[in-house]
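Listed here are the chains, written in short residue letters.
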Amino acid sequence: MSTPRQPPRGSGERRPQRPGGARPKPAGDPGRYPARGAARTPARNPGERPRAPRQRTSDPRRPPERRPHPPAGRPQPRTVRLGDPRRRLRLVTVALALVFSVFAGRLVQLQLLDSDTLAVAAGANQYYDAKLSAERGSITSSDGVALATTVDAYDVIADPTFYPADKTKIPDAPEQAAALLAPILGRSKEQLATALHTPKTKWVMLAPRQGPDVKKQITDLRTSLTKQTDTKECRAQKALLGKPAEQGGRQHLDNACVNPLVGLGFTESKRRVYPAGGLAANLVGFVNSDGVGTGGLELQYQKELAGKDGRVTYASGAGRVVPTSAGGSQQLPVPGLDLRLTVNRDIQWAAQRAITDQVANAGAEKGYVVVQDVKTGQVLAMAASPGFDPNNLRAAKADQLGNAAVQDAYEPGSTAKLMTMAAVLDSGSAQWDTHVTVPNTLQRSDRVFHDDIDHPTWYLTLAGVLAKSSNIGTIEAAEHLGKTQQESNRILGDYLHRFGIGQSSGLGFPGETKGILAKPESWSGSQQYTIPFGQGLSVNALQATSVFSTIANGGVRVTPSLLAGTTGPDGRYTPAPAGEQTRVVKPETAKTLTGMLESVVSDEQGTGGAAQIPGYRVAGKTGTANRVDPKTGKYSGYTASFIGFAPAEAPRVTVSCVIQDPVNGHFGGQLCGPVFKQVMEFTLKTLHVAPSGSEAPNLPVDWKP
């Protein structure tokens, strides 16, 4: 049932009539409206029954009640007609349904149809994987001074898209940049200009691994040019670019108002440097443009020096690295090992200086010096001339980049007679004082043999044969090794093999030659007589040095070594294993041979007088051999050499000198004797070796018939 409705003020509902049937007063009649604040009581006729209030009806057919016009003088209220809410609701519902349908379809595509593909793509786009380069280990001398190390460097790069004329407003920006950079980078203007004339790429390498000094030069120059282009005049020129000619417009700028280095940049890199320059470069070697060992010890110990690269995976979003991510990972690189060599830096310097000077004085093709500790087999120096600077490989010739002391195979000549005498003495075929008659010539097989000089018949002891370096006397001594020539060949071949001839020295150096030593049963008719005095076989300089060190060490051969030890990333030093020891001849044989070698140096008839060192007893042997030209394979020129050790009574060091194809002289004592003396004297003082306290035995070298 509807609630009784109270008619509002001014509604169209008719009020009860006053007594007498009078009509209501018009608006403004004080009798019609009570005073403000007075109670309004509707008037009715006396005795009239009150009328019940009208009830609200919900009959839709009933016409709406008409509202009376507001009283005159009062403003009419503004009528607002509201839209149909049901229609609006239907539109919103349809729109939402369409939106949710699109979302649902996309979800189906992502979750069901393309889920695998998108997962792979998301993983690739979300994570960035990069290599963390390991720091390459250093190579140091025996006292820990760096011979090769790695330092921070910078790659000089450029963006060629900065250099077209329409951008720089000058026609020759690449050429101007090249002219400025060429003297700094050490490259030609043409190379640099060509690199900058590639506008289809945004990156070119101008010079890799440049030092901080180069970066500073370029940065300072670029800053200076930037200030120069920011003058009032240049700003005025730039303001006129592109304007019509009648307004004073310009198409190009003056050169002074353009910075041609604007497109340059730097990326951090690493650079291998060699602080000692060419010192021991033939040993240390070098790396290629990728920092990988390519020669010498850099190549031999590439794996140990390089270490192990690490990896890092970063989560990325919007092209930026997300520093914390559950999917990120990092494997730190392991730095390479530091190598400590057996090379004494001071002795190496003395050896290089001595051989370099003598090669120049003799007009020779090349030469090398080896210094070895006779007890440990450690190489204290290994110098070659001509050398090279690994910091500037462009200036070196290809044949200078190796280590000729172990890579050259040469016929040793008379220094090999020591091995023949060792075989003769150790086998008991003769004694040092055995009498040997040496004619001027000797016919054997299809050849006639001579000594280096014509002479009357010599009557020499076996010690004298070695002292005077007689080829004929050596042949005669070797013939007594066996009952037949074949047996003599076999015995001599066995001793040569024991001394390490025809096999690796054990150093393991890249490119090292084993030399050439044919099997005794295949020695030719003449070869079986030339091998005893050092022709018909070949060795490298380290092998030859090791032969003398074996005698100096009491007949025990120690495998040569260059590596003293390594230092790991944890700073722990690990010494290298000691060289393998092999007995070659009996101790008494070695002692006798030492006395015979002293006669070569100390006796007035010996060939090694130039190697004498005041205060020290020296044992050594000269060598002068016909040289095989490696280019033609034929004999051409000479190989001069001297090898010896000191002090003879308590040997400490062996020094060898070899000079190839000299022009000014060719005898070993003449050319290499002084080099030996200079290097050995310096070495003995450097190692604080006390002078000899006794005289040489001076074994007799001849006898009277």
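Residues numbered from 1 in each chain as written. Predicted model: local features only at pLDDT ≥ 70, side-chain atom pairs only at ≥ 80, totals over all residues. Heavy atoms only, no water.

**Remarks on the state of the cysteines**
Summed over all chains, the structure comprises two disulfides. Bridging Cys234 to Cys257, the disulfide has an S-S length of 2.1 Å. Looking along the S-S bond of the Cys234-Cys257 disulfide, the torsion reads about -80°, which is the left-handed sense. Here Cys257 lies in the loop between helix H7 (232–239) and strand E5 (264–273) and Cys234 lies in helix H7, a separation of 23 residues in the sequence. Assessed through its relative accessible area of 5%, Cys257 is described here as buried. What pairs with Cys657 in a disulfide is Cys672, and their sulfur atoms sit 2.3 Å apart. Disulfide Cys657-Cys672: the torsion about the S-S bond is -65°, which places it as left-handed. Residue Cys657 is located in strand E24 (residues 653–660), and its partner Cys672 is located in helix H20 (residues 668–686); the two are separated by 15 residues in the primary sequence. Exposure remark for Cys672: the relative accessible area of 0% places this residue in the buried category. If you count the bonded cysteines of the chain from the N-terminus, they pair up as 1-2, 3-4. (Disulfide = S-S within 2.5 Å. Helix = DSSP H or I, 4+ residues; strand = E, 2+ residues; numbered from the N terminus. Buried < 20%, exposed > 50% of the residue type's maximum accessible area, 1.4 Å probe, protein only.)

**Quick look at the nonpolar core**
The biggest cluster of nonpolar side chains holds 89 residues, and the ones touching the most others in it are Met382, Leu462, Phe499 and Met596. Ranked by size, the runner-up nonpolar core spans 32 residues in total, among them Ile347, Ala354, Ala611 and Leu671. (Core = buried A, V, L, I, M, F, W, Y, C linked by side-chain atoms within 4.5 Å.)

**Examining the sheet that holds E24**
Adjacent strands of a sheet form backbone hydrogen bonds with each other and so pair up, either parallel or antiparallel. One open sheet accounts for five strands, arranged E13-E12-E24-E23-E22; its pairing is antiparallel. The sheet terminates laterally at strand E13 (379–385) and strand E22 (619–628), the two strands that pair on one side only. When the angles between neighbouring strand axes are averaged without regard to direction, this sheet yields 10°. (Pairing = 2+ DSSP bridges. Axes fitted to C-alpha atoms, helices over the stretch in contact; angles between N-to-C directions.)

**Re a nonpolar patch on the surface**
Side chains of Val92, Leu96, Val99, Phe100, Val102 and Phe103 sit close together on the surface and give an oily, nonpolar patch of about 590 Å² of accessible area. Here Phe103 lies in helix H1 (residues 85–113). (Patch = residues over 30% accessible without salt bridge, like charges linked within 9 Å, V, L, I, M, F, W, Y side chains within 5 Å. Areas by Shrake-Rupley, 256 points an atom, 1.4 Å probe, with all protein chains shown as cover. Salt bridge = Lys/Arg side-chain N within 4 Å of Asp/Glu carboxyl O.)

**Here's the deal with the side chain of Lys621**
When you line up the elements, Lys621 lands in strand E22. Despite its burial, Lys621 pairs with no opposite charge; the closest candidate is Asp452, at 8.4 Å N-O. Here the side chain of Lys621 touches Ser469 through a polar contact of 2.8 Å, side chain to side chain. With residues near it in sequence (within four places) discarded, Lys621 still touches Ser414, Thr415, Lys417, Leu466, Ser469, Phe548, Leu597, Val600, Thr607, Ser641, Phe642 and Ile643. (Lys, Arg positive; Asp, Glu negative; His and termini not counted. Polar contact = N/O pair within 3.5 Å; in protein donor to acceptor, adjacent residues only side chain to side chain. Contact = heavy atoms within 4.5 Å.)

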